[in-house]
Amino acid sequence: MPAVSLQDVLDTRADLHGVPAVVAGLSVAGTRRVATRGTVRATSDSCFRIASLTKTFTSAALVLALREQGVPLSTPAVELLPHLAPDWRADASLTVEQILGQVSGLRESVDATAVAGLGGDHAVDEAARLVVRAGNDREPGARWSYYNGNYFLAGALLAALDGARYETALKKTLLEPWNLDRTGFDAPGDPITGWDGPTELPAADYPRSRRPSGGLWSCVSDLLTLGEGLLGDKALLEEVRRPRTRPDDPMTYGLGWALGPSGQMYLNGRLPGYRAAMLLVPDTDHVSVVLTNQQHALPAAAGILSELQRPLTGDDLATAIDRFAA
């Protein structure tokens, strides 16, 4: 199969007109290509907000922490969060696996507004407390539903396993061992600024309480490294790509990833001024990612990822990637 020209894919897309910065990366069996487009100079190391792509980091780190300590994914979450037990109104059988798989059945009443006032070192724990205090709407495992509260809870679980703040635990468990040096919660010194149409948006803080679900800055180089790391750790890969959903659920979902018809793993991220998307085809060692600083650019990013994987699978995933619930 002839190599796909990543730069040609970007240059021929009319729907990228007016996007100030686009960086796309492709890794096939560890061999990388990167392409850029736009009026703002950006490289593979340029940092964008990645929004819900953060969930893949939280999920991978939590699975790794559980594995290191010999704790099964099937462990009830309350057993790992005894300090939240007095406020626990959620189903006592709710497992870590069901939380990461978005099949928790938790009542979806804790949103950005509910946690906006939480800060300090215990912000993630307090967000998780609100989530479990709200209880369940249905039995765990009964139905898939995308809910950021699941990942507030996942962040608290990672922190509890490490005995440190969520941010510290993520760095120790995943960011440092995998050499993800350009990924973090603090804005880098040279961030790519977000845009809404023709309007440049001012930099905004991301609440600490919500960080496990969407707070990271990252770059194409680090996201390719993340994908390559997942493909290289077969035990971790098999856990995150195994479906946790039922056939009648709205979609097929693993741990932090939507799953495509040919085994693809994909998701998108959305924040004001930024759109990001990422896709893996594990059976062909394919990792691809697109980062943009224009909040109307997700259909274009989804189309690029679909175009890159289509010769491998025959599937058109542009609509699925664009419409994913992130």
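Figured I'd write up the structure that's included with this text.

What counts and how
- Residues numbered from 1 in each chain as written.
- Predicted model: local features only at pLDDT ≥ 70, side-chain atom pairs only at ≥ 80, totals over all residues.
- Heavy atoms only, no water.
- Phe/Tyr/Trp six-rings, centres within 6.5 Å; stacked < 30°, edge-to-face > 60°.
- Helix = DSSP H or I, 4+ residues; strand = E, 2+ residues; numbered from the N terminus.
- Buried < 20%, exposed > 50% of the residue type's maximum accessible area, 1.4 Å probe, protein only.
- Salt bridge = Lys/Arg side-chain N within 4 Å of Asp/Glu carboxyl O.

Within this structure, the stated rule accounts for 7 aromatic pairs. Ring geometry for Tyr253 versus Phe324: centroids 6.3 Å apart, planes at 15 degrees, classification stacked. Within this pair, whereas Tyr253 is found in the loop between α11 (234–241) and β7 (258–259), its partner Phe324 is found in the segment after α13 (318–323), the two being separated by 71 residues in sequence. For the residue pair Tyr253 and Phe324, the accessibility class agrees, reading buried in each case. By way of ring pairs, the aromatic residues Trp144, Tyr146, Tyr253, Tyr266 and Phe324 are connected into one cluster.

The next subject is the pattern of salt bridges. The full count for this structure, using the stated rule, is 23 salt bridges. With a shortest N-O distance of 2.9 Å, Arg13 and Asp15 are connected by a salt bridge. Residue Arg13 is classed as buried on the basis of its relative accessible area of 18%. Asp15 sits in the partly exposed class, given a relative accessible area of 37%. When the shortest N-O distance is used, the salt bridge between Arg133 and Asp87 registers 3.2 Å. With Arg133 in helix α6 (residues 123–133) and Asp87 in the loop between α3 (77–80) and α4 (96–100), this pair connects stretches of sequence that are 46 residues apart. With relative accessibility at 41%, the residue Arg133 sits in the partly exposed group.

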